[in-house]
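# Summary of the model geometry
So the chains spell out like this:
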Amino acid sequence: MDSPVRLHSALEDADEVLRERVGELLGVPADAVRVGRLCPLCGSSRHGRPWARAAGHADDVAVSLSRSGEHLASAVARGGAIGVDLEQIAAVERGWDAELVLHPDETDPRDPARRAAVWAAKEAVLKLLGTGLTVPMPRVRLADHDLRELPAPPGNMLVLARRVG
């Protein structure tokens, strides 16, 4: 089975990437797919969680996006919710503060790559939940979620969070 996550150049148009990926998944032309954003807090369509729809396919596609440096990660799947996050290891290490990231049940991994994996996992879960960073990372306990680390470009960590059904 094809992975729900693909990497692209950060220069690519994220909406066009979603149109193409959702069209491919549903077997419809990319121009038949509508995409947008919706902020759960203010209702704005200029920012927030991405969505994609195609006529005849009622809300059965979950999408997520993440940009980091030169890369764009897209996640597209049927059923359930999905969240993806791509983080540069060095950037996470520069901004790491265990008190701002870790749940009380979690321990600081100390290794920069593991820290980036934790950070990416937290953001992937927050995208999966649709809250984004409005929920503080320490409220997220990673042991409670279905997470997969995926192959990433050198110097990066890529994590997928899924909720099926």
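Presented here is an overview of the structure given in this document. Keep in mind it's a predicted model, so treat the numbers as computed, not measured.

### Some words on the nonpolar core
Within the largest apolar cluster, 22 residues are counted, with the highest numbers of intra-cluster contacts made by Trp96, Val101, Val118, Trp119 and Leu142. Here the element with the most residues in this core is helix H4 (residues 112–129); it accounts for ten residues. The residues contacting Val101, other than those within four sequence positions of it, are Trp96, Glu106, Val118, Trp119, Lys122, Met137 and Pro138. Membership of the second largest hydrophobic core comes to 14 residues, among which are Ala14, Leu26, Val33 and Ala54.

### With respect to the environment of Arg115
With respect to the element layout, Arg115 can be found in helix H4. For Arg115, a relative accessible area of 9% corresponds to the buried category. Between the C-alpha atom of Arg115 and that of Val92, which follows or precedes it by 23 residues, the distance is 7.2 Å. Other than its neighbours up to four places away in sequence, Arg115 contacts Val92, Glu93, Trp96, Asp108, Pro109 and Arg110.

### Quick word on the sheet that holds strand E5 (residues 71–78)
Sheet strands associate in pairs through backbone hydrogen bonding, adopting either a parallel or an antiparallel arrangement. In space, the three strands of this open sheet follow the order E1-E5-E4, with antiparallel pairing throughout. Looking at strand neighbours, the two that pair on one side only are strand E1 (5–9) and strand E4 (61–68), the edges of this open sheet. The sheet shows a mean angle of 20 degrees between the axes of neighbouring strands, taken without regard to direction. By the bridge criterion, eight bridges tie E4 to E5 in an arrangement that is antiparallel. Looking at E5, one finds that Val63 is bridged to Val76. Helix-sheet contacts for helix H1 (residues 14–26) involve E1, E4 and E5, and the interaxial angle to E5 is about 30 degrees.

### Considerations on the environment of Asp108
Tracing the backbone through its elements, the reader meets Asp108 in the loop between helix H3 (98–101) and H4. For the pair Asp108 and Asp97, spaced eleven residues apart in sequence, the C-alpha separation works out to 9.4 Å. Once you skip the residues sitting within four places of it in the chain, Asp108 turns out to touch Trp96, Ala98, Leu102 and Arg115. From its side chain, Asp108 meets the backbone nitrogen of Arg110 in a polar contact 3.0 Å long. Here the side chain of Asp108 touches Arg115 through a polar contact of 2.9 Å, side chain to side chain.

### A short note on the sheet that holds strand E7 (residues 146–150)
Taken in spatial order, the three strands of this open sheet run E6-E8-E7, and their pairing is antiparallel. For this open sheet the edge positions go to strand E6 (81–88) and E7, each flanked by a neighbour on one side alone. Put simply, the sheet's adjacent strands are angled 20 degrees from each other on average, direction ignored. Looking at chain direction, E6 and strand E8 (residues 156–163) are connected through eight bridges and run antiparallel. Paired with Ala81 across the strands is Arg163, a residue of E8.

### Some details on the pairing of E4
Of all the eight residues making up E4, seven are buried; the element is thus mostly covered by neighbouring parts of the structure. Here E4 folds back onto E5 in antiparallel fashion, the turn holding two residues, of which Gly69 has a positive phi close to 55 degrees.

About the cut-offs
Residues numbered from 1 in each chain as written. Predicted model: local features only at pLDDT ≥ 70, side-chain atom pairs only at ≥ 80, totals over all residues. Heavy atoms only, no water. Core = buried A, V, L, I, M, F, W, Y, C linked by side-chain atoms within 4.5 Å. Buried < 20%, exposed > 50% of the residue type's maximum accessible area, 1.4 Å probe, protein only. Helix = DSSP H or I, 4+ residues; strand = E, 2+ residues; numbered from the N terminus. Contact = heavy atoms within 4.5 Å. Pairing = 2+ DSSP bridges. Axes fitted to C-alpha atoms, helices over the stretch in contact; angles between N-to-C directions. Polar contact = N/O pair within 3.5 Å; in protein donor to acceptor, adjacent residues only side chain to side chain.

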